[in-house]
Amino acid sequence: QSLRPRSGEAEPHWRYTWAAGINKLEGARKSSEQNTRLQWTLAKKSHDIRSLAMVNESCSSSNGMVGSSNGAAGLRSDGSSSGGESSKDSSRCSTPVLDAERHDRLREKMRRRQESGDKWFSLEFFPPRTSNGAVNLISRFDRMGAGGPLFIDVTWHPAGDPGSDKETSSMMMASTALNYCGLETVLHMTCCNQTREMITAHLHKAKRLGLKNIMALRGDPMGDEWQEEVDGFNYATDLVKHIRAEFEDYFDICVAGYPKGHPEAESYIDDLKHLKEKVSAGADFVITQLFFRSETFLQFLKDCQAIGITCPIVPGIFPIQGYHSLRQLVKLSKLEVPQEIKDIIEPIKDNDAAIRNYGIELAVTMCRELLDSGLVHGLHFYTLNREVATVEVLRRLGLWKEDPRRPLPWAISANPKRRVEDVRPIFWASRPKSYIYRTQEWDEFPNGRWGNSSSPAFGELKDYYLFYLKSKSPREELLKMWGEELTGEQSVFEVFRCYISGEPNRNGHKVTCLPWNDDPLAAETNLLKEELAKVNKRGILTINSQPNINGKPSTDPIVGWGPSGGYVFQKVSSLCLCLSLCPPPLGILVLCTVAGEEPLQSSTCSVRRGSRCHPGTLIPRTSGGGCAEKA
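Predicted model only: the values in this text are computed from it and were never measured.

Looking now at the sheet that holds strand 7 (residues 185-190). A barrel is described by the order of its strands in space; here eight strands give the closed sequence 5-6-7-8-9-10-11-12, paired in parallel fashion. Mean inter-strand twist for the sheet, computed between neighbouring axes without regard to direction, equals 30°. Sheet topology places strand 10 (residues 285-290) next to strand 11 (residues 313-317); three bridges connect them, and they run parallel. Bridged to Val286 within strand 11 is Ile313.

If you want it as structure tokens, here you go:
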């Protein structure tokens, strides 16, 4: 596909990242007369804007080349496609299968892992009580999601307005984990204190938010004993039947299993029969209540298989992290702690570190016994919203795997609606959550041709407020980094320079974050650190930058992404925050893109004070090193 505009059309104002995977390209060329030929054409167009045109005469899976159309093909200056077809019907290279499981249902992911013999883990969290707690939990999603859980689940608290739009609700926490943190997510749903209509409404809402997995539970009683729900459900089996009747096969459904039997069941055998009823009603897999001995679960698993339960049964693992948390959890689950564990914990009950270390050792030993049995393929961890103990257990088991390779150059949303998304604007790279929030109502996403500008997906954007963009640093720390007061524009310049260079500010404090970016400088941006520090010192304030990359392998730990065997190409680009010194009404805040063919150090682009630019204006580098006059 040619990326060049039609004759007479203005040069498109865009920059993009493109990567192509080439496997034995030379061999494919020699073995076939009709082969793939890539031509990189550098065309110098009007306004001195350089365009990289890629002509792809043939693209098929048989020639061993896979490409991702992360660029704008034939884009006109008005944003519409220069081709005759719409964005959805455009002809282009097949998008590579960057993550084979990305499009699978959760039950299919489990099946594939079981068939391949791969071990996996999942994590459970509960919704916080405060908005600050919500911010902290989202950060924990990101950190613990880096270890590669197959899914996470979020519990349902009937007393905390769990189905509301509050940032602390179970529904919003699950939606955030799915949409903004890119985690496969299971939402708990209980029968407690809910009518049939309320449950149906919550399920419809979950579906609208993109959630596809429900853990159906009766739930704990609000008081000492269960109060019958007249207009609702009193058993998890009825809830499973209702979900299947109302939503057919849309949701993957999980139910709870009790290795020692449910405390309210007449007997252990009777509880097994109830579990089989839940599975027969439509449940896809089972997660068990916690236990303290591996043989307890293995016997439960054999008993389930003996009565015909064939779906996956995942053991629930609870690393003991403290004396009081253990007592509280045991009280809620109505379990008995083995005497040998009590004998060890009681003498050290006031030493949280000692108890946590013991809990880690106990969990590692039990998990190894389960995995070594050959009957267990996955482990579900009750984290209590803590990470140290769980992560340590996973590391010792070899299940914690932080893969530096990215499936795509941006943070991926797990919402099924966004699975077709294969291109994003470069300047949103460092704020993926805000970008997803801003585009959540779009009915289609840009692809290689960026779509038709008349599409409702590209309508007016509003209410795209910063999503949970509250700094993790306390106010006192921020003042130390950014300064108690601004004495002039140089104060602002200094904050940016110190953030990029990593040098302490004049007060001896390092600047580790900016108001819109709470993370340290990206490894990719470090490749431009010295050049960026120079231009920021001069007042060209960069807020998003990327270096030029010419054929780095897709496995490169810094700029690589996608499957192995590919190569990454990208142009240097930097999004700047430009401050005009003109008095009102001419004083404006301008966003512009500084982009060039060569690395940034060869460009001395600066914005003339007093010039008026529209937000988003591309200011090209001229041969004289300054900005174009018309900018």
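Next, the rest of the story.
All chains considered together, the criterion is met by 24 salt bridges. Of the charged contacts in the structure, one is a salt bridge between Glu184 and Lys109, with a shortest N-O distance of 2.5 Å. Linking Glu184 in the loop between helix 4 (170-179) and strand 7 with Lys109 in helix 2 (residues 106-116), this pair joins segments that are 75 residues apart in sequence. The exposure classification of Glu184 matches that of Lys109, with both residues buried. Between Arg395 and Glu402 there is a salt bridge, and its shortest N-O distance comes to 3.5 Å. Overall, Glu402 belongs to the partly exposed group, its relative accessible area being 47%.

This part is about the packing of aromatic side chains. Think of a pair of aromatic rings as described by two things: how far the centres are apart, and how the planes are tilted against each other in angle. By the definition in use, this model includes seven aromatic pairs. Taken together, a centroid distance of 5.1 Å and an interplanar angle of 75° make the contact between Phe125 and Phe141 edge-to-face. Separated by 16 residues along the polypeptide, Phe125 in strand 5 (residues 120-125) and Phe141 in helix 3 (residues 131-145) bring together distant segments of the chain. Judged by centre distance (5.6 Å) and plane angle (15°), the rings of Phe291 and Phe297 are stacked.

For the rest of this paragraph, the subject is unusual backbone geometry. Backbone geometry follows two general trends: most residues other than glycine have a negative phi, and most peptide bonds adopt the trans configuration. Non-glycine residue Leu384 carries a positive phi angle of around 55°. By secondary structure assignment, the location of Leu384 is in the loop between strand 12 (378-382) and helix 12 (388-397).

Before going further, it helps to examine the confidence of the model for the protein. Scored by pLDDT, the protein has a mean of 74; 69% of the residues are at 70 or more. Per-residue pLDDT stays below 50 along residues 461-468; that stretch engages in 19 contacts with residues further than four places along the chain or on separate chains. In this model, residues 581-631 is a region of pLDDT below 50 whose contacts with residues beyond four sequence positions or in other chains number 107 contacts.

In this section: helix 7 (residues 268-280). In a regular helix each residue adds 1.5 Å, so 13 residues correspond to 18 Å; helix 7 covers 19 Å between its end C-alpha atoms and thus fits that length. Every buried residue of helix 7 is listed here: Asp270, Asp271, Leu272, Leu275, Lys278 and Val279. Tucked inside the fold, the buried residues of helix 7 contact helix 6 (236-247), strand 9 (252-257), strand 10 and helix 8 (294-306).

The residue Ala281 is located in the loop between helix 7 and strand 10 in this model. Sequence-distant contacts of Ala281, that is, excluding residues within four places in its chain, are made with Thr237, Val240, Lys241 and Arg244.

Next up on the list: the nonpolar core. In terms of nonpolar packing, the biggest core is built from 73 residues, with Phe141, Leu187, Phe297, Ile317, Leu370, Leu379 and Phe381 touching the most fellow members. Leu187 has contacts with Val154, Trp156, Ser170, Met171, Ala174, Ala206, Leu211, Asn213, Ile214 and Met215, leaving out every residue within four places of it along the chain. Counting 29 residues, the second largest nonpolar core, distinct from the first, contains Ile287, Phe292, Tyr323 and Tyr382.

This part takes up the packing of helix 15 (residues 489-501) against helix 16 (residues 529-537). Contact pair helix 15 / helix 16: the axes reach a minimum separation of 8 Å and the direction vectors enclose 175°. In terms of axis orientation, helix 15 runs roughly antiparallel to helix 16. Contact with helix 15, carried on its side by Gln490, Phe493, Phe496, Arg497, Ile500 and Ser501, involves Lys529, Leu532, Ala533, Asn536 and Lys537 of helix 16 and no other residues of that element. The residue makeup of the contact of helix 15 with helix 16, split by class, is five nonpolar, three polar and three charged.

Before going further, it helps to examine the packing of helix 6 against helix 7. Working note: a packed helix pair is described by the angle between its axes plus the distance between those axes. Helix 7 packs onto helix 6 with a crossing angle of 5° between their chain directions and a minimal axis gap of 8 Å. Relative to helix 7, helix 6 is oriented roughly parallel. Residue-level inspection shows Ala236, Thr237 and Val240 of helix 6 in contact with helix 7, the latter providing His274, Glu277 and Lys278. For the contact of helix 6 with helix 7, the per-class residue count stands at two nonpolar, two polar and two charged.

Its place among the elements puts Ser491 in helix 15. Residue Ser491 is classed as buried on the basis of its relative accessible area of 13%. For Ser491, the side chain forms a polar contact with the side chain of Thr487, separated by 3.0 Å.

The next subject is the pairing of strand 7. When a strand is regular, its side chains alternate between the sheet's two faces. Burial analysis of strand 7 places six of its six residues in the buried class, which makes it a mostly covered element. Judged by which residues are buried, strand 7 turns out to be covered on both faces: Thr185, Leu187 and Met189 on one side and Val186, His188 and Thr190 on the other are all buried. Pairing between strand 6 (residues 151-154) and strand 7: three bridges, direction parallel. Residue Ile152 lies in a different strand from strand 7, and its bridge partner there is Thr185. In terms of handedness, the path from strand 6 via helix 4 over to strand 7 forms a crossover that is right-handed. Judged from the four bridges that link them, strand 7 and strand 8 (residues 213-217) form a sheet pairing that is parallel. Bridging across to strand 8, His188 finds its partner in Met215. Read from strand 7 through helix 5 (residues 196-208) to strand 8, the crossover connection turns out right-handed.

Relative to the assigned elements, Cys191 resides in the loop between strand 7 and helix 5. Exposure remark for Cys191: the relative accessible area of 0% places this residue in the buried category. Residues Cys191 and Ala216, 25 residues apart in the sequence, show an inter-C-alpha distance of 8.3 Å. Excluding anything up to four places from it in sequence, Cys191 contacts Ile199, Leu217, Arg218, Trp226, Glu229, Phe233, Tyr235 and Leu239.

Each value, and the rule that gives it
- Residues numbered from 1 in each chain as written.
- Predicted model: local features only at pLDDT ≥ 70, side-chain atom pairs only at ≥ 80, totals over all residues.
- Heavy atoms only, no water.
- Pairing = 2+ DSSP bridges.
- Helix = DSSP H or I, 4+ residues; strand = E, 2+ residues; numbered from the N terminus.
- Axes fitted to C-alpha atoms, helices over the stretch in contact; angles between N-to-C directions.
- Salt bridge = Lys/Arg side-chain N within 4 Å of Asp/Glu carboxyl O.
- Buried < 20%, exposed > 50% of the residue type's maximum accessible area, 1.4 Å probe, protein only.
- Phe/Tyr/Trp six-rings, centres within 6.5 Å; stacked < 30°, edge-to-face > 60°.
- pLDDT = per-residue confidence, 0-100.
- Contact = heavy atoms within 4.5 Å.
- Expected span 1.5 Å × (residues − 1).
- Core = buried A, V, L, I, M, F, W, Y, C linked by side-chain atoms within 4.5 Å.
- Parallel < 35°, antiparallel > 145°, perpendicular 65-115°, else oblique.
- Nonpolar A, V, L, I, M, F, W, Y, C, P; charged D, E, K, R; others polar.
- Polar contact = N/O pair within 3.5 Å; in protein donor to acceptor, adjacent residues only side chain to side chain.
- Right-handed = clockwise from strand over helix to strand, strands pointing away.

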